[in-house]
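# Structural features, examined
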Amino acid sequence: MARLEPYFPKSHGKPRVDDRRVLSGIVFVNRNGLRWCDAPREYGPHKTLYNRWKRWGERGVFLRIMEGLAAASATPKTIMIDATYLKAHRTASSLRVKTYGSPRRQAVCV
C-alpha cells in the first residue's frame with residue numbers, strides 16, 4: 001500500500017475515510033462481482049465506495065496507479081488472459097435462430 005500512496009488524490013478540507021480501506025473495498029466488490037450495497041461494513045459505507053470508484057475512475061486515478069506499478073517493474077510477473085469475450089461469442093453464435101422449410105412454413109429452432 002505504501003507504493004500506492006502517491007497516486008491517491010490529496011484531501012481538501014474535511015478529513016476523508018482512509019483511501020487504503022476504500023481501495024480495498026472497491027477491489028473486493030469488483031473482484032467478487034458484488035453490488036455496492038453488499039460490500040462488507042469493514043470497508044466503510046457502500047456509498048463512499050461507489051462515489052470514490054466513480055470519481056477516481058473519471059479522474060484517471062486507477063489508470064495512473066496501474067501505469068505507475070507497471071513502470072516500477074519492467075518484467076511482468078503475471079500474465080492474464082480474459083476469455084470472457086471468447087466464451088460470450090461462442091455462446092451467442094451457437095444460439096443463432098435457424099429456420100427450415102419453405103418461406104411460408106418455417107420451423108424455428110432455438
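Keep in mind it's a predicted model, so treat the numbers as computed, not measured. (Residues numbered from 1 in each chain as written. Predicted model: local features only at pLDDT ≥ 70, side-chain atom pairs only at ≥ 80, totals over all residues. Heavy atoms only, no water.)

## Re the overall build of the chain
When helices and strands are counted, the chain shows four helices and two strands. Tracing the chain from N to C terminus, the helices and strands come up as α-α-α-α-β-β. Within the chain, the proportion of its 110 residues that are buried is 18%. Counting contacts in the chain only where the partners sit at least 6 residues apart, residues at least 24 apart contribute 38% of the total. Of the roughly 9,200 Å² of accessible surface on the chain, 57% is carried by carbon and sulfur atoms. (Helix = DSSP H or I, 4+ residues; strand = E, 2+ residues; numbered from the N terminus. Buried < 20%, exposed > 50% of the residue type's maximum accessible area, 1.4 Å probe, protein only. Contact = heavy atoms within 4.5 Å. Areas by Shrake-Rupley, 256 points an atom, 1.4 Å probe, with all protein chains shown as cover.)

## Brief notes about the nonpolar core
Ranked by size, the top nonpolar core spans 12 residues in total: Leu4, Phe8, Val22, Leu23, Ile26, Val29, Trp36, Ala39, Leu49, Trp56, Val61 and Ile65. Put simply, the parts of the chain that give this core at least two residues each are helix 1 (19-32), helix 2 (46-59) and helix 3 (61-72). A total of four residues in this core trace back to one element, the largest contributor, which is helix 1. (Core = buried A, V, L, I, M, F, W, Y, C linked by side-chain atoms within 4.5 Å.)

## Quick notes on the confidence of the model for the chain
For the chain, the mean per-residue pLDDT works out to 77, and 65% of the residues sit at or above 70. By mean pLDDT, the top-scoring element of the chain is helix 2 (93), and the lowest-scoring one is strand 2 (residues 107-109) (48). (pLDDT = per-residue confidence, 0-100.)

## Quick word on the environment of valine 29
Residue placement: valine 29 occurs in helix 1. On the basis of relative accessible area, valine 29 is assigned to the buried category, the value being 1%. Each C-alpha atom of the pair valine 29 and histidine 46 lies 9.8 Å from the other, and the pair is 17 residues apart in sequence. For valine 29, the contacting residues outside a window of four places in its chain are Leu34, Arg35, Trp36, Ala39 and Leu49.

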